[in-house]
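Residue-level structural notes
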Amino acid sequence: GDDEYAAIEFLRLNLSWFPESTATLAQLAGSLHRIGALDEARMRLEEALRLDPDDRYAKRQLQELFGG
């Protein structure tokens, strides 16, 4: 709903200030997944894992959302 779109806008703004925030990237991926933007959701998680290959939250999101 509208709340998800508002969250996405907020998270995108946060990324503009903190582009290497893996937590923000993973949260954004979750919101994108919920609205059906699956390609971008996966891309954001892959971006987070490029920045920090050991990020547990991003790894868990990738597993839960995409099974891999």
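Above this text sits the structure in question.
Residues numbered from 1 in each chain as written. Predicted model: local features only at pLDDT ≥ 70, side-chain atom pairs only at ≥ 80, totals over all residues. Heavy atoms only, no water.

Considering the nonpolar core
- Core analysis: the biggest nonpolar cluster contains 14 residues, and Leu28, Leu32, Leu45 and Ala58 have the highest contact counts within it.
- Counting residues per element, the ones that place at least two in this core are helix 1 (2-17), helix 2 (22-34), helix 3 (38-51) and helix 4 (56-66).
- Per element, the largest residue contribution to this core is five residues, and it comes from helix 2.
- Sequence-distant contacts of Leu45, defined by excluding residues within four places in its chain, comprise Ala26, Ala29, Ala58, Gln61, Leu62, Leu65 and Phe66. (Core = buried A, V, L, I, M, F, W, Y, C linked by side-chain atoms within 4.5 Å. Buried < 20%, exposed > 50% of the residue type's maximum accessible area, 1.4 Å probe, protein only. Helix = DSSP H or I, 4+ residues; strand = E, 2+ residues; numbered from the N terminus. Contact = heavy atoms within 4.5 Å.)

Comments concerning helix 3
- For helix 3, spanning 14 residues, the distance from its first C-alpha to its last is 20 Å, which sits close to the expected 20 Å at 1.5 Å a residue.
- The set of residues buried in helix 3 consists of Glu40, Ala41, Arg44, Leu45, Ala48 and Leu49. (Expected span 1.5 Å × (residues − 1).)

A few points about the environment of Tyr5
- Position of Tyr5 relative to the elements: it lies in helix 1.
- A relative accessible area of 46% places Tyr5 in the partly exposed class.
- When the C-alpha atoms of Tyr5 and Ile35 are compared, they prove to be 8.1 Å apart, with 30 residues separating the residues in sequence.

Comments concerning the packing of helix 2 against helix 3
- The contact between helix 2 and helix 3 brings their axes to 8 Å, and the two run at 165°. Taken as axis vectors, helix 2 and helix 3 run roughly antiparallel relative to one another. Remark: the crossing between helix 2 and helix 3 carries left-handed chirality. Each of Thr22, Leu25, Ala26, Leu28, Ala29, Leu32 and His33 in helix 2 lies in contact with helix 3, whose residues at this interface are Leu38, Glu40, Ala41, Arg44, Leu45, Glu47, Ala48 and Leu51.
- Tallied by class, the residues present in the contact of helix 2 with helix 3 amount to ten nonpolar, two polar and three charged. (Axes fitted to C-alpha atoms, helices over the stretch in contact; angles between N-to-C directions. Parallel < 35°, antiparallel > 145°, perpendicular 65-115°, else oblique. Left-handed = near helix turned anticlockwise from the far one by under 90°. Nonpolar A, V, L, I, M, F, W, Y, C, P; charged D, E, K, R; others polar.)

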